[in-house]
Amino acid sequence: MEQKLGDDDREEEWSSSSSSSSRRKVIVVGGSIAGLSCAKALVQPQCQCDVLVLERASALTAAGAGLGLDIHACRALQEWGLASALAAISMPLTVEQNRAIDPQSKSARLLARDEEFNNRSAYWSDVHRILFEALPQGTVEFGQEVVGFEEIDEGRRIRAKVKPSSGDGNEIKEVVGDLFIAADGINSSTRQRLVPSDKRQYCGYCAWRGVFDYSEQAAEEIAAAVRKAYADLGKCLYFDLAPGSHAVLYELPGKRLNWLWYVCQEEPNLKGNSVTLKATDSMVQKMYEEASQTFIPELALLMQSTKFPFVNAIFDRDPLKQIVWGHVVLVGEAAHPTSPHGLRSTNMSIMDAAVLGSCIAECKNIDTALCSYQTSRLPVTTQQVLFSRHLGKLKQGLFSRSFPWMQADKETCLTLLQRNVHLFQF
Ligand SMILES: Cc1cc2nc3c(=O)[nH]c(=O)nc-3n(C[C@H](O)[C@H](O)[C@H](O)COP(=O)(O)OP(=O)(O)OC[C@H]3O[C@@H](n4cnc5c(N)ncnc54)[C@H](O)[C@@H]3O)c2cc1C
């Protein structure tokens, strides 16, 4: 699967050819969903770009769990020629439902349901893979870490410094492009350099996560019990709200049930930029016990039956006032790290790429194109990040732990729905 870009010859050729040619050279830092989406958008013929993606990881990995793709992200993938690949790796997620759970009686109250949710569910690594496979051979260079960049030619071009991320080779190479796209994630070193005071913020809780594979017969019985309690599994995104915490459940293609459980706790002591905690046996045992006390038995059983659950600490950052500095552009999590409650991260990443692609296709002048990208995306992503933060606080009881969801009025219940992101005032 691994594409090998290159030898030194190719890099030199890529850097030295004339910048006055009508084709633009684009360096993308980071080959996750945002980086590969940008590459896919910009290799479309109307953009007239040559794209080089530099990714620190040594190869594609089958990491991650599930995600929801909204109608706009699906449309962008379809417009990039990925309609059948998308259909093959995803399934419809057409309903969103929020319920309150009473931990004592285990009774549930329907709070809000949206029958026109219109998303698709997919496995993160499948979305990543179809983007990768759709790029021209040699677009992505793995095992390459961008360790610095500088403006040259009065800001018209960017020189990136790149070194192998592992192995013996420590030699730094230089790559020059007309545009430098930072798709280097929530801990973006590009963003850190541009906005040194910016820090990630712990949201006050962590998420237990798991994917239950029921392709084997023994597991099929557990899945059947869960399906009895959650009758619309296969098309519904479920949120179960208990006092001070909430769980998420939906199905993924390939007989897999994806769940998350957000638990309020002190900020864990994480190493470096990591967001993942090692789940020890005693942590897993405690999670099992608390799940039984908090949720309906079928959801607790699902959590208890999942192999290798893991824990992510949840962070976001305050929205920035700009995402373009000359010919340096932030996209995806580097531009707008978000908590997961609005299902925005991957969707915003794909839409950043789609909008950037349209702006570059439409504007001959690159500065005008980048200005147009920033003007289009900033208000939207700011609203989405803040909506997601708000939903997380609401569902975790961080505004009021004792909020009586069991008795909440209709208007309050409707504020839980994803579709209300457009109404969110910030
Ligand atoms: C392995 C993985 C699994 C994930 N699984 C899920 C999931 O199951 N569900 C979900 O909703 N979200 C998941 N996410 C998060 C989600 O994909 C992203 O948050 C979102 O899609 C936006 O991604 P991004 O491309 O902006 O940033 P990220 O996904 O964070 O990727 C940043 C990329 O940049 C690379 N990079 C960073 N610095 C450098 C550098 N200096 N030089 C070269 N490369 C660099 C990193 O190696 C990484 O590949 C996952 C992310 C990763 C990395």
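Residues numbered from 1 in each chain as written. Predicted model: local features only at pLDDT ≥ 70, side-chain atom pairs only at ≥ 80, totals over all residues. Heavy atoms only, no water.

Q: Explain the site of the ligand to me, please; I cannot follow it from the model alone.
A: The environment of the ligand is formed by 26 residues, the closest being Ser 32, Glu 55, Ala 65, Trp 124 and Glu 333. Contacts to the ligand include Ile 33, whose backbone N or O atom sits 3.4 Å from an oxygen atom. Within the side chain of Trp 124, a nitrogen or oxygen atom sits 2.3 Å from an oxygen atom of the ligand. In isolation the ligand offers 930 Å² of accessible surface; the protein chains occlude 79% of this area. (Near = heavy atom within 4 Å. Polar contact = N/O pair within 3.5 Å; in protein donor to acceptor, adjacent residues only side chain to side chain. Areas by Shrake-Rupley, 256 points an atom, 1.4 Å probe, with all protein chains shown as cover.)

Q: What should I look at first to understand the packing of aromatic side chains in this one?
A: One pair of aromatic rings is described through two measures. These are the centre distance and the angle between the planes. The final tally for this structure, using the stated rule, is six aromatic pairs. Ring plane angle 80 degrees and centroid distance 5.2 Å describe the contact between Trp 261 and Phe 295, whose orientation is recorded as edge-to-face. Remark: Phe 295 occurs in the loop between helix H7 (281-294) and helix H8 (297-305) and Trp 261 occurs in strand S16 (residues 256-264); sequence separation between them is 34 residues. Here the basic side chain of Arg 193 rests over the ring of Phe 149, its NZ or CZ set 4.1 Å away from the ring centre. Geometry around Phe 239 places Lys 395 over its ring, the cationic atom sitting 3.4 Å from the centre. (Phe/Tyr/Trp six-rings, centres within 6.5 Å; stacked < 30°, edge-to-face > 60°. Helix = DSSP H or I, 4+ residues; strand = E, 2+ residues; numbered from the N terminus. Lys NZ or Arg CZ within 6 Å of the ring centre and 35° of its normal.)

Q: Explain H7 here, please?
A: An α-helix turns once per 3.6 residues; consequently, residues spaced three or four apart project the same way. Look at H7: 20 Å from first C-alpha to last across 14 residues, which is about the 20 Å you get at 1.5 Å a residue. Regarding H7, the residues found buried are Val 284, Met 287, Tyr 288, Ala 291 and Thr 294. End-on view of H7: buried residues confined to an arc of 140 degrees, all on one side of the axis. What points out from H7, more than 90 degrees from its buried face, is the exposed set Ser 282, Lys 286 and Gln 293. In this structure, the buried residues of H7 make contact with strand S5 (95-101), strand S13 (201-213), strand S14 (236-242), strand S15 (245-252), S16 and H8. (Expected span 1.5 Å × (residues − 1). Buried < 20%, exposed > 50% of the residue type's maximum accessible area, 1.4 Å probe, protein only. Arc of directions from axis to C-beta. Contact = heavy atoms within 4.5 Å.)

Q: Where do I start with the environment of Ala 247 in this structure?
A: Along the chain, the position of Ala 247 falls in strand S15. In this structure, the C-alpha to C-alpha distance between Ala 247 and Thr 346, residues 99 residues apart in sequence, is 20 Å. If we ignore the near neighbours within four places in the chain, the residues touching Ala 247 are Tyr 238, Phe 239, Asp 240, Leu 260, Trp 261, Phe 295, Leu 299 and Met 303.

Q: How should the confidence of the model for the protein chain be read in this particular structure?
A: Where the model shows low pLDDT, its predicted coordinates should not be examined in detail. Of all residues in the protein chain, 94% have pLDDT values of 70 or greater, and the mean over the chain is 92. Counting interchain partners and residues more than four positions distant, the pLDDT-below-50 stretch residues 1-9 has 23 contacts. (pLDDT = per-residue confidence, 0-100.)

Q: Mind showing me how you'd approach the sheet that holds strand S12 (residues 179-182) here?
A: Remark on secondary structure: sheet strands pair via backbone hydrogen bonds, oriented parallel or antiparallel. Pairing is mixed across the open sheet formed by six strands, whose spatial order is S8-S2-S1-S12-S20-S19. Edge strands, defined here as strands with exactly one partner in the open sheet, are strand S8 (140-141) and strand S19 (324-325). Pairing of strand S2 (residues 49-54) with S8, which is carried by two bridges, proceeds in the parallel orientation. Bridge pairing links Leu 54 to Glu 141 in S8. (Pairing = 2+ DSSP bridges.)

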